[in-house]
Amino acid sequence: MADDDDDLMSLDFTVPGAFDTPPEQPPAPEIPPSTAAPAPPAPPVRPSLPPALAEAAVMYAKGQDLEAMRRLEAAIKTGEDLGDHAVRAWGCLFELLQALGRRPAFDALALTFARRFEKSPPAWSAVVDGPHTASESSGGRAHVSLSGVLNAGIGEVLKQTMKLAATSTVMRIDLAKLTDADNNGATLLMRGLAALKRAKKEIVFGSPEHLAQILAAKVVPGERINEAMWLLLLELYQQAFRQDAFEEAAVNYAVTFEVSPPSWEALPARTEELPQEDLLAESKAEELALHGQMVGATAADFAPLEKAAAGRDQFDIDAHNLVRIDPGSAGHLLEVLKRLHGGGKKLKLVGLSTLVAAYLETLGFADVAELRSRAI
C-alpha cells in the first residue's frame, strides 16, 4: 500500500485549471440501432484445473506414472480442494492404478468412490492382469512390461523380447509394475540388455527409478553377494540420468567386489521417434484415430490430420485407444489443430482418457477443439 500511496501523492493536482469545472460538451450523436456494431461476445471463462489434477496429468505425460499416482492419492487422502473436478481426479487415479496393475488399491478406491459419489465406480479391466508381457507394434518398436517379482520367471518374456528385437529398433521396458526383485531376475535381465546392446537396439526404460529404489534397498556395501543386482542398479541410475547416485553406487560396488569402479557414460539424446503409422490410423470415414504411446512424435507425423480435414467443416479425431501423449508430441499436435481451427474447422477429440484429457487442457487444447472424455 505504501507504493500505491506514494504514486497517488506524486500526482500534481495544482496545475492551472485542475479544479475548474470543465465546459459542457455537446451530446454525442446517436447511432441508429441498425448501424451500431454489436459488442463482440466475451470468450467463455474456463475454470482452471486444481493443482493436484494438473500436476498428475503432466507427470503421467512424462512417463512418471508412480509420481502421478502418489500426487492424486495424497490430494484425496488429505482432502485437498479439488473443486468441481473431484470426480475427474478420482477417475485419473483409477486409470493410474489400472495402468500400474494395482488391483487391491483399485478395488478399495472403488468402494470409497461409490459411497462418496453415490455412483458406480469404473470396472477393473482384465487386460492388464497377468505376468510379464512383450508385444510388438508396427514401425520398429516393441513394448515389454514387467510386473510382480523380477526373478527367474522373466526368462520366458526375455525369449519373446529377443524374437521381437529381430524386427524392432527400439525396445521400451516398463518397470513400474514390479514389486520386488532377486539376483536371478537381475542376472537374466542384464544378459538380455547386453544382447540388445550388441544388436545395437535402442533401449528405453519406463520408471527406472522405481526398480532402482527396490534394488538399492537390497544391496549392502561390503557384502559380496548379489553382484547382478549391483550392476542392474548402476544401469538404472544411468538410464535415469542420476549421475550422483551412479557414482556413489559405483564406488560402493568397486570396494565390495574389489574391482575398478564402472564409469559414467553420457547417454545420447533420445528422440524415440515413432513412424506415422504408429500414431495415426484411418478409423471411420469421418475420423482419424490416435492410438498407442505417442512419444517423440514429430510435426511430420501429424501431417495426415491436415490432409484428412481438407474439405470438411467439422472433423472428429478418435482417441479411444490413445494411451499417452508426451509434451513434445502434444506440442506438434496443438500446432496442427491451431491451424485447422484458424481455418474455420470445428474440431473434436473424442474418447480421451480422463488423464490425457486433463493434460491436453493444461496445454490449451480446449481453445481450439472440443475435448470429449470417456465416461467415468
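Since we're looking at a predicted model, the values are computed, not measured. (Residues numbered from 1 in each chain as written. Predicted model: local features only at pLDDT ≥ 70, side-chain atom pairs only at ≥ 80, totals over all residues. Heavy atoms only, no water.)

Asker: For the overall build of the protein, give the residues involved together with the corresponding values.
Answerer: Helix and strand counts for the protein stand at 14 helices and nine strands. Residue burial in the protein is summarised as follows: out of 376 residues, 42% are buried. At a minimum sequence separation of 6, the contacts of the protein that also span at least 24 residues come to 68%. As displayed, the protein offers around 20,600 Å² of accessible surface, 55% of which is attributable to carbon and sulfur atoms. (Helix = DSSP H or I, 4+ residues; strand = E, 2+ residues; numbered from the N terminus. Buried < 20%, exposed > 50% of the residue type's maximum accessible area, 1.4 Å probe, protein only. Contact = heavy atoms within 4.5 Å. Areas by Shrake-Rupley, 256 points an atom, 1.4 Å probe, with all protein chains shown as cover.)

Asker: Tell me about the packing of helix α4 (residues 86–99) against helix α14 (residues 354–362), residues and numbers included.
Answerer: Relative to each other, α4 and α14 sit at 125°, their axes nearing to 8 Å. Here α4 lies oblique to α14, going by the angle between them. From α4, Arg88, Cys92, Glu95 and Leu96 reach across to α14, where they touch Thr354, Leu355, Ala357, Ala358 and Glu361. (Axes fitted to C-alpha atoms, helices over the stretch in contact; angles between N-to-C directions. Parallel < 35°, antiparallel > 145°, perpendicular 65-115°, else oblique.)

Asker: So what's going on with the pattern of salt bridges? Which residues, and what values?
Answerer: This structure, assessed with the given rule, holds 13 salt bridges. With its nearest N and O atoms 3.9 Å apart, the salt bridge here joins Arg224 to Glu258. Here Glu258 lies in the loop between α10 (243–257) and α11 (276–279) and Arg224 lies in the loop between α8 (208–216) and α9 (227–239), a separation of 34 residues in the sequence. Like Arg224, the residue Glu258 is exposed in the burial classification. Between Glu335 and Lys338 there is a salt bridge; the shortest N-O distance is 3.9 Å. (Salt bridge = Lys/Arg side-chain N within 4 Å of Asp/Glu carboxyl O.)

Asker: How would you explain the packing of α9 against α10 if you had to name every residue and give the values?
Answerer: Remark: α9 packs on α10, axes separated minimally by 9 Å, with the N-to-C direction vectors making an angle of 160°. Classed by the angle they form, the pair α9 and α10 counts as roughly antiparallel. α9 and α10 meet at a crossing whose hand is left-handed. Where α9 abuts α10, its residues Glu227, Trp230, Leu231, Leu233, Leu234, Tyr237 and Gln238 lie against Ala245, Phe246, Ala249, Ala250, Asn252, Tyr253, Thr256 and Phe257. (Left-handed = near helix turned anticlockwise from the far one by under 90°.)

Asker: Describe helix α13 (residues 327–342), naming the residues involved and giving the relevant values.
Answerer: With 16 residues, α13 ought to run about 22 Å at 1.5 Å a step, and its terminal C-alpha atoms sit 22 Å apart, in line with that. At the exit of α13 stands Gly344, carrying a positive phi of roughly 90°. (Expected span 1.5 Å × (residues − 1).)

Asker: I'd like a rundown of the pairing of strand β4 (residues 202–206), residues and numbers included.
Answerer: Of all five residues in β4, four are buried, a share of seventy percent or more. As judged from the five bridges shared by strand β3 (residues 170–181) and β4, these two strands associate in the parallel manner. Within β4, the position partnered with Arg172 by the bridge is Val204. Traced from β3 through helix α7 (residues 183–198) to β4, the parallel crossover comes out right-handed. (Pairing = 2+ DSSP bridges. Right-handed = clockwise from strand over helix to strand, strands pointing away.)

Asker: Would you mind going over the pairing of strand β2 (residues 141–150) in detail, with residue names and values included?
Answerer: In terms of residue burial, β2 counts as a mostly covered element, since seven of its 10 residues are buried. Pairing analysis gives nine bridges linking β2 to β3, with the strands arranged parallel. Bridge pairing in β3 places Leu150 opposite Ala181. Between the parallel pair β2 and β3, the chain is carried across by helix α6 (residues 155–165), and the sense of this crossover is right-handed.

Asker: If you had to explain helix α5 (residues 103–117) to someone new, which residues and values would you point to?
Answerer: Look at α5: 21 Å from first C-alpha to last across 15 residues, which is about the 21 Å you get at 1.5 Å a residue. Along its buried surface, α5 packs onto α4. One or two steps after α5, the chain reaches Glu118, where phi turns positive at roughly 55°.

Asker: Lay out the environment of Ser120 in plain terms, naming residues and giving numbers.
Answerer: Relative to the helices and strands, Ser120 is located in the loop between α5 and β1 (133–137). The exposure class of Ser120 is exposed, given its relative accessible area of 60%. Sequence-wise, Ser120 and Ala110 are 10 residues apart; in three dimensions their C-alpha atoms are separated by 8.2 Å.

Asker: Describe the packing of aromatic side chains, with residues and values.
Answerer: In total, this model carries nine aromatic pairs according to the counting rule given. Measuring from ring centre to ring centre gives 6.3 Å for Trp230 and Tyr253, while their planes differ by 45°; the resulting arrangement is tilted. In this pair, Trp230 is assigned in helix α9 and Tyr253 in helix α10, connecting sequence segments 23 residues apart. Summarising the burial analysis for this pair, Trp230 and Tyr253 share the class buried. Pairing Tyr253 with Phe257 gives two aromatic rings, centres 5.1 Å apart and planes at 40°, and the pair type is tilted. Taken as a pair, Tyr253 and Phe257 lie in helix α10 at a separation of four residues, close to a single helical turn. Among the residues examined, Tyr253 registers a relative accessible area of 6% and is labelled buried. Stacked on the ring of Tyr60, the Lys or Arg Arg324 has its end atom at 4.2 Å from the ring centre. (Phe/Tyr/Trp six-rings, centres within 6.5 Å; stacked < 30°, edge-to-face > 60°. Lys NZ or Arg CZ within 6 Å of the ring centre and 35° of its normal.)

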